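Examination of the molecular architecture
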Amino acid sequence: MTALDPLNDPGQVLRAAGAFTTIWHIGLVFFSFHLLLIGHLAYRSGFMPRVIGILLVIAGLGYLADGLGLMLVPGYALDIALFTFAGEVVLIFWLLISGRRLTTRPEAGKHAEPPRERTAQS
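All of these numbers come straight from a predicted model, not from anything done at the bench.

This next bit is on the packing of aromatic side chains. Across all of its chains, the model carries two aromatic pairs by this definition. When the ring of Phe20 is compared with that of Trp24, the centres are 6.1 Å apart and the planes differ by 35°; the resulting orientation is tilted. One end of the pair, Phe20, and the other, Trp24, are both in helix α1 (residues 10–45), four residues apart, so they sit about a helical turn from each other. A ring pair is formed by Phe31 and Tyr63, whose centres lie 5.3 Å apart and whose planes are at 75°; its orientation type is edge-to-face. Here Phe31, found in helix α1, pairs with Tyr63, found in helix α2 (residues 50–72); they are 32 residues apart in sequence, far enough to count as distant. The exposure class of Tyr63 is buried, given its relative accessible area of 15%. Positioned over the ring face of Tyr43 is Arg50, at 4.4 Å from the centre of the ring.

Okay, here's the thing in structure tokens:
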């Protein structure tokens, strides 16, 4: 039971908890980049309301500010993500309600068919 061995040493338990917290904050920064990318793609998609993309980018910026603030600023107490997470919730409900009705239509896309090469006869 090597996983339980650190429980006998309180200092080691505190170091493990501190390491977990640091890894959590780094994960928060990576998650913020994920939301920024998804927000950008949702904004440019053409089949999702652009406001969802905007809200996802705002959520990503909130997580990024919190993640970097917690890692770089001692005593960081702001919790911006508590207010900016709304984009994630809106995306969840849009996917459940409207997203399931989406169909694939190759002819509707801009690049549905590759351009044909011109021949000497045309």
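Topologically, Glu88 is positioned in helix α4 (residues 86–97). On the basis of relative accessibility, which here comes to 19%, the residue Glu88 falls in the buried class. Aside from chain neighbours lying at most four places away, what touches Glu88 is Phe31, Leu35, Leu56 and Tyr63.

So, on to the nonpolar core. Of all hydrophobic cores here, the largest spans eleven residues; its members are Leu28, Leu35, Ala42, Met48, Ile52, Leu56, Ala59, Tyr63, Ala81, Leu91 and Trp94. Looking at this core, the elements with two or more residues in it are α1, α2 and α4. In terms of residue count, the dominant contributor to this core is α2 (four residues). When near neighbours in sequence (up to four residues on either side) are disregarded, Trp94 contacts Phe47, Met48, Pro49, Ile52, Gly99 and Leu102.

Rules and cut-offs
Residues numbered from 1 in each chain as written. Predicted model: local features only at pLDDT ≥ 70, side-chain atom pairs only at ≥ 80, totals over all residues. Heavy atoms only, no water. Phe/Tyr/Trp six-rings, centres within 6.5 Å; stacked < 30°, edge-to-face > 60°. Helix = DSSP H or I, 4+ residues; strand = E, 2+ residues; numbered from the N terminus. Buried < 20%, exposed > 50% of the residue type's maximum accessible area, 1.4 Å probe, protein only. Lys NZ or Arg CZ within 6 Å of the ring centre and 35° of its normal. Contact = heavy atoms within 4.5 Å. Core = buried A, V, L, I, M, F, W, Y, C linked by side-chain atoms within 4.5 Å.

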